[in-house]
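Coordinate inspection notes
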Amino acid sequence: MKKIVSVFMVMILLVGCSSNGQKETVFYNNEQDTTPSQQENNEIEVVAEDLDVPWSIEKNNNTYYLTERTGAVVKIENGKMERQSVELEKDLATASEAGLLGFVLTPDFQESNLAFAYYTYVDSSGQFNRIITLRLEDNVWREDGVLLDKIPSGSYHHGGRLKIGPDGKLYATAGDAADSTIAQDLQSLGGKILRMNLDGSIPKDNPFADSYVYSYGHRNPQGITWLPDGMLYASEHGNNANDEINRIEPGKNYGWPIIEGHEKQEEMVSPLFTSGDNSTWAPSGMDNYNGKLYVAALRGTAVIEFDLESGEKREVITGLGRIRDVLIDDNYLYFISNNSDGRGNPQESDDKLYRIPLTVLN
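None of the values given here were measured: they were computed from a predicted structure. (Residues numbered from 1 in each chain as written. Predicted model: local features only at pLDDT ≥ 70, side-chain atom pairs only at ≥ 80, totals over all residues. Heavy atoms only, no water.)

Considerations on the layout of surface pockets
Within this model, the largest pocket holds a volume of roughly 540 Å³. Contributing to the lining of the largest pocket are 26 residues, with Glu 58, Val 104, Lys 163, Ile 164 and Leu 327 lying nearest its centre. Those elements giving two or more residues to the lining of the largest pocket turn out to be strand E6 (54-60), strand E11 (100-105), helix H1 (109-112), strand E15 (162-164), strand E19 (221-226), strand E23 (283-289) and strand E27 (323-329). There is about 410 Å³ of room inside the second largest pocket. (1 Å grid on protein atoms, 1.4 Å probe; cavity = no way out; pocket = protein on both sides within 12 Å on 5 of 7 lines; lining within 4 Å. Points joined across faces, edges and corners; volume = space filled by probe spheres on them. Helix = DSSP H or I, 4+ residues; strand = E, 2+ residues; numbered from the N terminus.)

As for the environment of Asp 176
Tracing the backbone shows Asp 176 in the loop between strand E16 (170-174) and strand E17 (192-196). On the basis of relative accessibility, which here comes to 2%, the residue Asp 176 falls in the buried class. Beyond its immediate stretch of four places on either side in the chain, Asp 176 contacts His 157, Ile 182, Gly 190, Gly 191, His 218, Arg 219 and Trp 256. There is a polar contact of 2.8 Å between the side chain of Asp 176 and the side chain of Trp 256. (Buried < 20%, exposed > 50% of the residue type's maximum accessible area, 1.4 Å probe, protein only. Contact = heavy atoms within 4.5 Å. Polar contact = N/O pair within 3.5 Å; in protein donor to acceptor, adjacent residues only side chain to side chain.)

A short note on the pattern of salt bridges
Between side chains of opposite charge, pairing is possible as soon as their charged atoms come close. The final tally for this structure, using the stated rule, is 17 salt bridges. With a shortest N-O distance of 3.3 Å, Glu 45 and Arg 355 are connected by a salt bridge. Within this pair, whereas Glu 45 is found in strand E5 (residues 45-48), its partner Arg 355 is found in strand E29 (residues 353-357), the two being separated by 310 residues in sequence. Owing to a relative accessible area of 17%, Glu 45 belongs among the buried residues under this scheme. On the accessibility criterion, Arg 355 (19% relative accessible area) is buried. Notably, a salt bridge pairs Arg 343 with Glu 97, separated by 3.1 Å at the nearest N-O pair. Linking Arg 343 in the loop between strand E28 (332-337) and E29 with Glu 97 in the loop between strand E10 (91-92) and E11, this pair joins segments that are 246 residues apart in sequence. With relative accessibility at 15%, the residue Glu 97 sits in the buried group. (Salt bridge = Lys/Arg side-chain N within 4 Å of Asp/Glu carboxyl O.)

So, the sheet that holds E28
Overall, antiparallel pairing links the four strands, which are arranged E5-E29-E28-E27 in an open sheet. Each end of this open sheet is capped by a strand with a single partner; those strands are E5 and E27. Each strand of the sheet is rotated relative to its neighbour by a mean of 30 degrees, with strand direction disregarded. (Pairing = 2+ DSSP bridges. Axes fitted to C-alpha atoms, helices over the stretch in contact; angles between N-to-C directions.)

Regarding empty space enclosed by the protein
In the structure shown here, the tally under the stated rule is one cavity of 30 Å³ or more. In this structure, the largest cavity spans a volume of roughly 40 Å³. As for the largest cavity, its lining consists of Gly 217, Arg 219, Glu 236, His 237, Gly 238, Asn 239, Asn 242, Glu 244, Tyr 254, Trp 256, Ile 259 and Glu 260. Residue composition of the lining of the largest cavity, grouped by class: three nonpolar, five polar and four charged. (Nonpolar A, V, L, I, M, F, W, Y, C, P; charged D, E, K, R; others polar.)

Considerations on the packing of aromatic side chains
The final tally for this structure, using the stated rule, is 15 aromatic pairs. Between Phe 109 and Trp 141, the ring centres sit 6.1 Å apart and the planes meet at 15 degrees, which makes this aromatic pair stacked. Of the two residues, Phe 109 sits in helix H1 while Trp 141 sits in strand E14 (residues 140-152), which places them 32 residues apart along the sequence. Comparing Phe 109 with Trp 141 shows no difference in burial state: the two are buried. Three or more aromatic residues joined by ring pairs form one cluster here, namely Tyr 65, Phe 103, Phe 109 and Trp 141. Against the face of Tyr 121 rests Arg 130, its NZ or CZ located 5.0 Å from the ring centre. Lying across the ring of Trp 256, Arg 219 places its NZ or CZ 5.4 Å from the centre. (Phe/Tyr/Trp six-rings, centres within 6.5 Å; stacked < 30°, edge-to-face > 60°. Lys NZ or Arg CZ within 6 Å of the ring centre and 35° of its normal.)

Function cannot be read off these values alone, since they describe shape.
Here it is as structure tokens:
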């Protein structure tokens, strides 16, 4: 019997402003040491509000699709929001950080009504993550097939980001499931960035024969993006501190749990950026524009810009609490707050999907 995770649907009118009809004040920093109060701007728009622990942003032309960890896909089109039910073959896990996570439409979505999704489930054999296809029929997303199953899951560190790369392959981030030893184990799918064909098969040019593993030695990667030159970058949660931004190359070992932060060791890759021993970002979704990475920060409660040429970083959005995912499209930066996940302080009508023109940030 299929498990119906979300059985309700709502339709509300959305506007590009807050509930009192005014655009919200958001703070962005032009300098690393600039305080938010010095940089008020009213260019931000609220695209959607009253979201329930949103996790991933996808956009198709002028239509948005957001996953909610509790088990729904939110569709936003022509100023209206519709919460669409999701029917899964397995019971959705309720562990910390778990649920319906990554989501990406297939390249032929207009014809096939298919998307890829990543979710955490529980059954008689335990708790795991799986990557599936979802088919949209009559405003309900139904699990249509399984691409990869039994990705390790534990009390936390599920990974969960899905993206289709410029090579046409599907990439997934998988956390170490709170068992750091598996990050170095090439026989385990945990603590890895995974790569597969869109039918779930293993690409012949993957770095390890007959393996989905693309890179390893990761703790809890939650964001990936490709620059126009095809280079892949990823964000990763460190152990309390030492969060990382890495340049990802096939077959490379990114060190966890042997090294972290500024530490170095032969045959292991150290990060391009790290929060260091005394600070934490808890970085999640990411995107890029004009040689800069834009990264959602949960504990850092910001969108952080990393300049790959200068090596500098700055907070460009603050004052809205925990940020889970970002998307850059059509000269706008989109981002979702994540204050309703049990670790934040929800503001009125949280959580929300926001957007701001890139010209305001540059």
